[in-house]
Amino acid sequence: MTTKRILEICTGSLDDCMAAEQGGADRIELNTSLISGGLTPSAGVILKVKEVISVPVIVMIRPRESGFVYNNHELSVMEKDIEIALNSGADGIAFGVLNENGEIDVNACKRLLNSSCGKVSVFHRAFDLIPDPEKALEVCIDLGFTRILTSGQRNSALEGADCIHKFLQQADGRIEILPAGGINPKTVLDVINKTGCT
């Protein structure tokens, strides 16, 4: 029996989304400013994407570049961005919040997850900066995240493939592990084969 593969494409515009769906994407992560690592897209972009795209759209919630430690005002902005994204038709959200020690900020994540109203929730590549990723994986499971986006704490998923494979084994079906970073037509088969991810 053939395993169903899911292809998610990271996009930075309406045109990107249309090209991704035409190319066979099963779902889309919608951002703006990909050169900055991906920031929150506007409500207008989300609304327009949902008008023309039929696959699920996960919206990035990241109010600025330069780190993942946020103050109370920034968290309030993120809560409002989540509300706007979901009201605009987003099928899920992606975010990550760390504390000053580089670990997951549990209280901030609970706050944002509460705003997500039970929709799909992705802990994004801030995960790759965490000093103890095995512990962090368990925290993500306990918090109720749907999946973790990771390059295996390396610059690309291919470089971090062994680590991603270990995350997949540890997760044991309790949370989805989504490889990301540097995946392209030349590397995708190696990433699949070395990580075991679907």
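Coordinates for the structure precede this section.
The structure reproduced in this document is the subject of the present report. No experiment lies behind these values; they were computed from the predicted model shown.

## Let's talk about the layout of surface pockets
Of the voids in this model, the largest pocket is the one considered here, and its volume is about 950 Å³. Surrounding the largest pocket, 39 residues form its lining, E8, L178, P179, A180 and I183 being those nearest its centre. Looking at the lining of the largest pocket, the elements with two or more residues in it are β1 (8-11), β2 (27-30), β7 (176-179) and α7 (188-195). Looking at which element gives the most residues to the lining of the largest pocket, the answer is α7, with five residues.

## Topic: the environment of K135
By the element assignment, K135 lies in helix α5 (residues 133-143). Residues K135 and I104, spaced 31 residues apart in sequence, show a C-alpha to C-alpha distance of 9.7 Å.

## Brief notes about unusual backbone geometry
You will see that S66, though not glycine, has its phi angle at about 70 degrees, which is positive. Within the secondary structure layout, S66 lies in the loop between β3 (57-60) and α3 (72-87).

Conventions used here
Residues numbered from 1 in each chain as written. Predicted model: local features only at pLDDT ≥ 70, side-chain atom pairs only at ≥ 80, totals over all residues. Heavy atoms only, no water. 1 Å grid on protein atoms, 1.4 Å probe; cavity = no way out; pocket = protein on both sides within 12 Å on 5 of 7 lines; lining within 4 Å. Points joined across faces, edges and corners; volume = space filled by probe spheres on them. Helix = DSSP H or I, 4+ residues; strand = E, 2+ residues; numbered from the N terminus.

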